[in-house]
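Report on the structure
Given next are the chains, with one letter for each unit.
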Amino acid sequence: MTRAQWAPVEGAAQLFTPEFVDYVVRLHDELTPRVRALLARRQEVLARALEQGILPAHPPRSAINTGDWKVPPVPADLRKPGIEISGPCSITSMFINALNPGPEGERAAGDLDDDEDSAGHRLVDTVRAAHHRVAAVHRELRHVDAEKGKEYTIADGELPFFMHRERGIHLDEPDFTVDGRPIPAAILGTALTLYYVGRAQAERGQGIYFYLPKLESAEECAWYRDLFDRSRALLPHLRDAVISAIPLVESLPAVYQMEEMLYALGPYAGGLNAARWDLKASIFEFVMADPRSVWPDRFGVDIKTTPFLANIFRRLVAICLKRGAAPVGGMATALPSADPQVNRVAGEAIRKDKEWEARQGFLRAWVAHIFHMKTAGDPFKELIASGWTPTAEMADPDRYPVTIEVPDGPITLEGTRRNARMVVEYLEGWLTGRGAKGIDSLAGKPGVHPALMEDLATGRMSVAQIAQRIRHRATTTDGAQLHDVPLVKRLLQEETEDILVRLGATVKDDRGRAAYADAEQRYRKAVKIAMRWIKNYTELDFRSLGSYTRAELDRIASAPDAF
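To keep things clear, this report deals only with the structure shown in the data block. Here, residues in each chain are numbered from 1, in the same order as that chain's written sequence. The model is predicted, so local features are restricted to residues of pLDDT at least 70 and side-chain atom pairs to those at 80 or more, both for listing and for counting; the totals for chains, interfaces and linings are taken over all residues. Note: side-chain values were computed over all heavy atoms of the structure, leaving out hydrogens and water.

Here the focus is the sheet that holds strand S1 (residues 4-6). Pairing between strands is defined by DSSP: at least two bridges between them are needed. The helix count covers DSSP runs of H or I at least four residues long, the strand count covers runs of E at least two residues long, and both are numbered beginning at the N terminus. Spatially, three strands are ordered S1-S7-S8 in an open sheet, and the strand pairing comes out antiparallel. Pairing within the sheet leaves two strands with one partner each, and these edge strands are S1 and strand S8 (181-184). Neighbour to neighbour, the strand axes of the sheet diverge by 55 degrees on average, direction disregarded. Bridging between S1 and strand S7 (residues 172-178) involves three bridges; their strand directions are antiparallel. Paired with Gln 5 across the strands is Thr 177, a residue of S7. Note on contacts: a residue pair is in contact if any heavy atoms of the two residues lie within 4.5 Å. Only C-alpha atoms enter the line fits that serve as axes; for helices the fit covers just the stretch in contact. Angles between N-to-C directions range over 0 to 180 degrees. Its contacts with the sheet put helix H2 (residues 18-52) on S1, S7 and S8, and the angle it makes with S8 is roughly 90 degrees.

Below, the discussion takes up the nonpolar core. In terms of nonpolar packing, the biggest core is built from 157 residues, with Phe 16, Phe 20, Leu 194, Trp 223, Phe 228 and Leu 492 touching the most fellow members. No other element matches H2, which puts 14 residues into this core. Grouping buried Ala, Val, Leu, Ile, Met, Phe, Trp, Tyr and Cys residues that are joined through side-chain atoms within 4.5 Å yields what is termed a nonpolar core. Relative accessibility decides the category of a residue: with a 1.4 Å probe and only protein chains considered, values under 20% of the type maximum give buried, values over 50% give exposed, and everything between is partly exposed. Ranked by size, the runner-up nonpolar core spans 15 residues in total, among them Cys 89, Ile 96, Leu 99 and Ala 136.

Another point: the sheet that holds strand S2 (residues 82-88). With parallel pairing, eight strands are arranged side by side around a closed barrel as S2-S3-S6-S9-S10-S11-S12-S13. For this sheet the average axis-to-axis angle between neighbouring strands, irrespective of direction, equals 25 degrees. Sheet topology places S2 next to strand S13 (residues 364-367); four bridges connect them, and they run parallel. Each residue of the ladder has a partner; that of Glu 84, found in S13, is Trp 366.

Moving on, we get to the packing of helix H12 (residues 340-360) against helix H13 (residues 373-385). At their nearest, the axes of H12 and H13 sit 8 Å apart, and the two run at 30 degrees to each other. The angle between H12 and H13 falls in the class roughly parallel. Like other packed secondary-structure pairs, H12 and H13 cross with a definite hand, here right-handed. Packed against H12, whose contacting residues are Gly 347, Ile 350, Arg 351, Lys 354, Glu 355, Glu 357, Ala 358 and Arg 359, the element H13 presents Thr 375, Ala 376, Asp 378, Pro 379, Phe 380, Glu 382 and Leu 383 at the interface. In what follows, roughly perpendicular refers to angles from 65 to 115 degrees, roughly parallel to angles under 35, roughly antiparallel to angles over 145, and oblique to any angle outside these ranges. Throughout, a crossing is termed right-handed when the near helix is turned clockwise from the far one, and left-handed when it is turned anticlockwise from it by less than a right angle.

Burial along strand S11 (residues 271-274) is two-sided: Gly 271 and Asn 273 facing one way and Leu 272 and Ala 274 facing the other are all buried. Across two bridges, strand S10 (residues 243-249) lies against S11 in parallel orientation. In the sheet register, Val 249 faces S11, and the bridge partner there is Ala 274. Across three bridges, the pairing between S11 and strand S12 (residues 326-332) is parallel.

Contact pair helix H15 (residues 456-471) / helix H17 (residues 510-538): the axes reach a minimum separation of 8 Å and the direction vectors enclose 60 degrees. The orientation of H15 with respect to H17, classified from their angle, is oblique. Read as a crossing pair, H15 and H17 show a hand that is right-handed. Facing H15, whose interface residues are Leu 456, Gly 459, Arg 460, Val 463, Ala 464, Ile 466, Ala 467, Ile 470 and Arg 471, H17 presents Trp 533, Ile 534, Tyr 537 and Thr 538. Across the contact of H15 with H17, the residue classes tally to nine nonpolar, two polar and two charged. Residues were grouped as follows: Ala, Val, Leu, Ile, Met, Phe, Trp, Tyr, Cys and Pro as nonpolar; Asp, Glu, Lys and Arg as charged; and all remaining residues, including Gly, as polar.

Turning our attention to the packing of aromatic side chains. What counts as a ring pair is set by centres within 6.5 Å for rings of Phe, Tyr and Trp (its six-membered ring), and what kind of pair is set by the plane angle: stacked under 30 degrees, edge-to-face over 60, tilted for all other angles. If you walk through the whole model with that rule in mind, you get 22 aromatic pairs. Plain terms: the ring middles of Phe 20 and Tyr 196 are 5.8 Å apart, the flat faces sit at 35 degrees to each other, and that makes the pair tilted. One end of the pair, Phe 20, is in helix H2; the other, Tyr 196, is in helix H6 (residues 185-203), with 176 residues separating them in the sequence. Like Tyr 196, Phe 20 is buried. Their ring planes at 45 degrees and their centres at 6.4 Å tell us that Phe 313 and Trp 356 sit as a pair that is tilted. Placement of the pair is Phe 313 in helix H11 (residues 307-323) and Trp 356 in helix H12, with a sequence separation of 43 residues. In this pair, the class of Phe 313 matches that of Trp 356, namely buried. By the ring-pair criterion, three or more aromatic residues cluster together here, those being Trp 6, Phe 16, Phe 20, Tyr 23, Phe 176, Tyr 195 and Tyr 196.

A few words on the pairing of strand S4 (residues 142-145). Looking at chain direction, S4 and strand S5 (residues 150-153) are connected through four bridges and run antiparallel. Bridged to Asp 145 within S5 is Lys 150.

Attention now goes to the pattern of salt bridges. For this analysis, a salt bridge means a side-chain nitrogen from Lys or Arg found within 4 Å of a carboxyl oxygen belonging to Asp or Glu. The tally for this structure, following the rule as stated, stands at 59 salt bridges. Here Glu 520 ties to Arg 524 by a salt bridge, and the two come within 3.2 Å at their closest N and O atoms. Placement of both Glu 520 and Arg 524 in helix H17 is noted, with a separation of four residues, approximately one turn of the helix. When salt bridges with common partners are traced through the structure, they connect Asp 114, Glu 116, Asp 117, Arg 165, Lys 214, Glu 250, Asp 278, Glu 285 and Arg 460 into a single cluster.

Shown next as structure tokens:
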């Protein structure tokens, strides 16, 4: 009997050949036990924070954080100023659009082809991502949308460099098992990338670049180093290939171990990425039991104007400058609108944000849509072209100590309502297999507000904030409202009804009525799943949405309300 078994999803048979399966099973045998140990260690660190109030801290002084070592020379691609376009590579049309020029005729410097926060977290998504990546490198990727009568193809010209992002070590792939147990999703996804698109890239002399998500320790980076080393030994096409990886600093423990994480990656260390929403969500999780740490509305907690968060970003840049690595900034999520005023306001906000990041020393950042790509990328290019260089002070991490504080700002009912709407909207998209969805959480409200491309990170953050307010019975700043389960349940239901009313107003024919009926069913399921997800957080169970199978979500949706 073959040790490996998998669900017969479309496209799997071409990928899961005997040779590939032998390779991935070898990785599993050597590396999966360490994944389990690393995750157990994560839980110990989290439990110490929740049960004893002891937050993560810096490792002891050592040759790693005091020595004068440098990372290996960073590939020229990863030194490019500008912007990276981010999105799910499992959705063909979105992936092709990301690789093509924006409205001004320019391409992004790099493409973050994502199988993590913006993907669907199913085996079929990972399989599609593997196929699409290879087809993109060969410039053969195309898609026909019969309903829209539109064909998507890759335009002529130089493509962005590729940054592959797989699911993190905290997730398993239940539809691919070895000896009857799910394989870690990080092993399967990274193996597919190294085996298939990695071969295509190596044959073209391209570097094979990764973002490493959800890391919490240097030991986890060392695990990836060993995965890359073992793959080099097993796959001849990798032996002379350039492999470089950039950890995402999106957990509170990682904030304290940035130097150690680069050091642990060894020959594969390329830089660090300053995550935003996942980092804030991680902070929420570590302080969730502390009634003194209730945050104001998350929408007002800006990296630029929140001193302790800004210092984390500056410290990341300082460590990269000190160690010769590439610092990469955060995401601009605004989507284009038919209203020119909305686009103008969004563009001004994006440019201001990216000008701030560029002045802190970041080389690049991310954007969610090609419409705002040039606006987001120009500040980095312009500053570098001006001859500006970081000062010596900017390369001193000690100037930017890590402190965790409660940001200034109000606690409002509208902030909680906006979180509730975002979670319901996001979960409706998740039920269709989409890990990223354009959402206007202020729909129908006065003012100018573009829709944002929301992903699993913002869903996690919204859930965490709602749960924190319930757990500590937070009162709004004006004293008018106390947060509890009945309130949040009412907000979830009210926002869902408003969404459905607005959706119903767009129905024009029988086809539209059928689509509306399907969507209504998904939104009703989304509310039930939202309640379960939020209740988990109030009980200090921070299980990722990505860890649930669709069958488990269906069971939640058919069970009595969690609230």
